[in-house]
Amino acid sequence: MSQLDTLKSELLAAIEGAGTEAALEEIRVSALGKKGSISEQMKTLGKMSPEGRKTMGPALNALKSDVTDAIAARKTVLEESALEARLQSETVDVTLPLRASPVETGRIHPVSQVIDELTAIFADMGFSVAEGPDIETDELNFTALNFPEGHPAREMHDTFFFNPKEDGERLLLRTHTSPVQIRTMRSQQPPTRVIIPGRTYRCDSDQTHTPMFHQVEGLVIDKGSHFGHLKWILEEFCKAFFEVDNIKMRFRPSFFPFTEPSMEVDIQCDRSGGEVKIGEGSDWLEILGCGMVHPNVIRNCGLDPDEYQGFAWGMGIDRIAMLKYGMPDLRDFFDADVRWVQHYGFRPLDLPTLFGGLSS
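Q: Which residues make up the pairing of strand E4 (residues 192-201), and what are the values?
A: Counting buried positions along E4 yields 8 of 10 residues, so the element is predominantly enclosed. Looking at chain direction, E4 and strand E5 (residues 212-222) are connected through 10 bridges and run antiparallel. Within E5, the residue paired with glycine 198 across the bridge is glutamine 215.

In structure tokens form, the structure reads like this:
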């Protein structure tokens, strides 16, 4: 019996000292395997007398049970220790700052922002927004707008024409949003008050011109509309858009096929100091073209020019965005440079309103 007690002490001490599951498995095999120390003792029972087996048998079984339980308990301890070590090595520092959400990092492009600003200003004046396709017919883009045959804008060097169709008709990328004026006048009866923002296309490219740019036009058709209304609308728009209390405007005679009389509009500014300040100084800056809708255009839309008259205006959205927000090169608008958008862009939830401020 003293031999079994010694064996038990040695095995339990070895089990307690096992530092890894692999070492514990070696101890189990050396004690309980086919050639293990306890298994060898079990083989001697057959050679003992009945009285000896009655004493040694239960003692060996108790030893085997104690060793098995000790191995299981130590294995549990080692597994928990390994799990704890793994958790420590794979831990995440939850105190690190979170990544900014898309709402915080995303930016509204200045063109989209200015379109929203325009919509807010003119909606307050009672205008609705009209839209049309980028691909237009020659008739809507030129003929219905009183462009004569042979006009330079109707040539390939100024306009993006598609190949002629079988019937000879040539579609084109619209050179202005004015075709939507024709579509609007032909589809609804006056009074008409709409603004028309959208993309336009011309064969031109430099620091202040791109082959694709954005334009907004306005149209009013009614029986009593006159030039005084046009002047008031443009003055109120410029004050609201550039966020100045007062602004001087200068109307110069010009020529457009679709208006008569036609005018270019300059606004007061100050160019000193390397920047353009709107609403102050003694300089002038051309900003848009306008005029009274030509009687031929009204007639081409199925209306009587002796009964209805109106006015229209148009300006480049990219251009007024550059003036308001100080962007020096129009080509940067279309370079898809994330750094530029981060610098000049606007937070997604800062929607422009006249009450809260257009560029807050």
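Q: Explain unusual backbone geometry to me, and be specific about the residues and the numbers.
A: In this model, proline 190 is joined to proline 191 through a cis peptide bond whose omega is 5 degrees. Structurally, the position occupied by proline 191 is in the loop between helix H8 (178-187) and E4. With an omega of 0 degrees, the peptide bond between glutamate 260 and proline 261 qualifies as cis. Secondary-structure assignment places proline 261 in strand E7 (residues 259-270). In this structure, glutamate 243 takes a positive phi of about 55 degrees despite not being glycine. Here glutamate 243 is to be found in the loop between helix H9 (227-242) and strand E6 (249-256).

Q: Can you break down the pattern of salt bridges residue by residue, with the values?
A: All told, the structure shown has 17 salt bridges when counted by the stated rule. Between arginine 183 and glutamate 136 there is a salt bridge whose closest N-O contact spans 2.8 Å. In this pair, arginine 183 is assigned in helix H8 and glutamate 136 in strand E2 (residues 135-137), connecting sequence segments 47 residues apart. Residue classification places glutamate 136 among the buried positions, given a relative accessible area of 0%. The salt bridge involving lysine 324 is made with glutamate 243; its shortest N-O contact spans 3.1 Å.

Q: With reference to specific residues and values, describe the layout of surface pockets.
A: Here the largest pocket is characterised by a volume of approximately 1,400 Å³. Counting residues per element, the ones that place at least two in the lining of the largest pocket are H8, E5, E6, E7, strand E9 (283-293), strand E10 (309-316) and helix H11 (317-325). No other element matches E9, which puts 7 residues into the lining of the largest pocket.

Q: An account of the side chain of threonine 184 is needed here, citing residue identities and associated values.
A: Within the secondary structure layout, threonine 184 lies in helix H8. When its relative accessible area of 6% is taken as the criterion, threonine 184 is described as buried. When sequence neighbours within four positions are dropped, the list of residues in contact with threonine 184 reads Ala130, Thr192 and Val194.

Q: Quick rundown of the packing of helix H6 (residues 110-124) against H11? Include the residues and the values.
A: Following both chains from N to C, one finds H6 and H11 inclined at 95 degrees, their axes separated by 10 Å at the closest point. By the angle between their axes, H6 is roughly perpendicular relative to H11. Across from Val111, Val114, Ile115, Glu117 and Leu118 in H6, the residues of H11 making contact are Ile317, Asp318, Ile320, Ala321, Lys324 and Tyr325. The class makeup of the residues in the contact of H6 with H11 is 8 nonpolar, no polar and 3 charged.

Rules used throughout
Residues numbered from 1 in each chain as written. Predicted model: local features only at pLDDT ≥ 70, side-chain atom pairs only at ≥ 80, totals over all residues. Heavy atoms only, no water. Buried < 20%, exposed > 50% of the residue type's maximum accessible area, 1.4 Å probe, protein only. Helix = DSSP H or I, 4+ residues; strand = E, 2+ residues; numbered from the N terminus. Pairing = 2+ DSSP bridges. Salt bridge = Lys/Arg side-chain N within 4 Å of Asp/Glu carboxyl O. 1 Å grid on protein atoms, 1.4 Å probe; cavity = no way out; pocket = protein on both sides within 12 Å on 5 of 7 lines; lining within 4 Å. Points joined across faces, edges and corners; volume = space filled by probe spheres on them. Contact = heavy atoms within 4.5 Å. Axes fitted to C-alpha atoms, helices over the stretch in contact; angles between N-to-C directions. Parallel < 35°, antiparallel > 145°, perpendicular 65-115°, else oblique. Nonpolar A, V, L, I, M, F, W, Y, C, P; charged D, E, K, R; others polar.

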